[in-house]
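Here is what each chain is made of, one letter per residue.
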Amino acid sequence: MINLLNAKIEPEIWLCDILLCMNELVYGLSALGISLNSVQLGQFETYYQELVDYNSRINLTAITEYKDVQIKHFLDSVSLVLAGIKGDEKLLDVGSGAGFPGLPLKILFPAIQLGLLEATQKKARFLSEITVKLGLSGVEIISQRAEDTAQNPLYRQKYSLVTSRAVADMATLAELTLPFCAIGGRVIAPKKGDIEEEMDRAATAVKKMGGRVFKVIKVELPGLEDGRKLVLLEKISNTPALYPRRAGIPAKTPLI
Ligand code: SAM
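We now turn to the structure provided with this report. This is a predicted model, so every value here is computed, not measured.

1. Things to note about the packing of helix α7 (residues 170–177) against helix α8 (residues 196–208)
Line of reasoning, step 1. Between α7 and α8, whose axes approach to 7 Å, the crossing angle comes to 30 degrees. The two elements α7 and α8 cross, and the hand of that crossing is right-handed. Counted together, M170, A171 and A174 of α7 and E198, M199, R201, A202, A205 and V206 of α8 form the full contact between these two elements.
Line of reasoning, step 2. Per-class residue counts for the contact of α7 with α8 are seven nonpolar, no polar and two charged.

2. So, the site of the ligand
Line of reasoning, step 1. With respect to spatial proximity, 15 residues lie near the ligand, and among them G95, F100, E118, A146 and R165 are the closest.
Line of reasoning, step 2. In the model, a nitrogen atom of the ligand is placed 2.8 Å from a nitrogen or oxygen of the A146 main chain.
Line of reasoning, step 3. One can see that the ligand is located within the largest pocket.

3. A look at the pairing of strand β2 (residues 113–117)
Line of reasoning, step 1. With four of five residues buried, β2 lies mostly within the body of the structure.
Line of reasoning, step 2. Taken together, the five bridges between strand β1 (residues 90–94) and β2 define a ladder with parallel strand orientation. By the bridge assignment for β2, L92 is matched with G115.
Line of reasoning, step 3. For the crossover from β1 across helix α4 (residues 102–108) to β2, the handedness is right-handed.
Line of reasoning, step 4. A crossover connection joins β2 to the parallel strand β3 (residues 139–142) through helix α5 (residues 121–133); in handedness this β-α-β unit is right-handed.

Cut-offs applied
- Residues numbered from 1 in each chain as written.
- Predicted model: local features only at pLDDT ≥ 70, side-chain atom pairs only at ≥ 80, totals over all residues.
- Heavy atoms only, no water.
- Axes fitted to C-alpha atoms, helices over the stretch in contact; angles between N-to-C directions.
- Helix = DSSP H or I, 4+ residues; strand = E, 2+ residues; numbered from the N terminus.
- Left-handed = near helix turned anticlockwise from the far one by under 90°.
- Contact = heavy atoms within 4.5 Å.
- Nonpolar A, V, L, I, M, F, W, Y, C, P; charged D, E, K, R; others polar.
- Near = heavy atom within 4 Å.
- Polar contact = N/O pair within 3.5 Å; in protein donor to acceptor, adjacent residues only side chain to side chain.
- 1 Å grid on protein atoms, 1.4 Å probe; cavity = no way out; pocket = protein on both sides within 12 Å on 5 of 7 lines; lining within 4 Å.
- Sits in = over half its atoms within 2 Å of the grid points.
- Buried < 20%, exposed > 50% of the residue type's maximum accessible area, 1.4 Å probe, protein only.
- Pairing = 2+ DSSP bridges.
- Right-handed = clockwise from strand over helix to strand, strands pointing away.

See below:
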């Protein structure tokens, strides 16, 4: 059982009625042995309200129903704990969009040092605003392409954990994520459906980036019974300076 009950309650954070809000998320998390405290529940509720409000002006997500956001965004993001996440990770979420899976993991584990990397400026602006609204500290928003950021020594091979959901197929994703991992660090990439062929195609890219496929974990949680998986890569040697290649090339010409 992961104990999340000891976090300090900040009075300025809006608290939702524990019995009324985020029921689907709470139910799904119970299958993971996780319970949220009232601050975390309030943060998820605020996240939902702000996401939907912002989404009416700027397209962030097609998923907006209260129940669907709880399951397909929040619970799906938190399901990455099945791959083993420590509370003190230095985590980079590549192509974070509206913050998934990075921000729900930060709500769950407030001590994580989080980087949210998002190329689209409008989305990055949302990430900055929501981070402030949620009262989170230790979050850096980086509004750049992963290919450029990964060549910056401040970010290259500096993270214990890199996540990336719905950004690219595994061959491209390996090139966009593994260069950020310190040796011994991991990449967790949520995937759906039959990924055997995709994983085969990614073998060369994973190896060239200094990684190896560690394992693939099945995700079966209430509302997420549609063949979700977590691909776990491990960084075992330095990424050659050549990689990642120029912006756009990893997607256009994957290393297969
Ligand atoms: N990860 C979020 C999620 O699961 O909801 C967003 C997924 S969205 C389909 C893909 C996001 O990745 C977009 O916001 C896009 O701007 C960003 N992205 C794609 N390629 C990128 C790159 N090379 N560097 C940084 N961000 C990138």
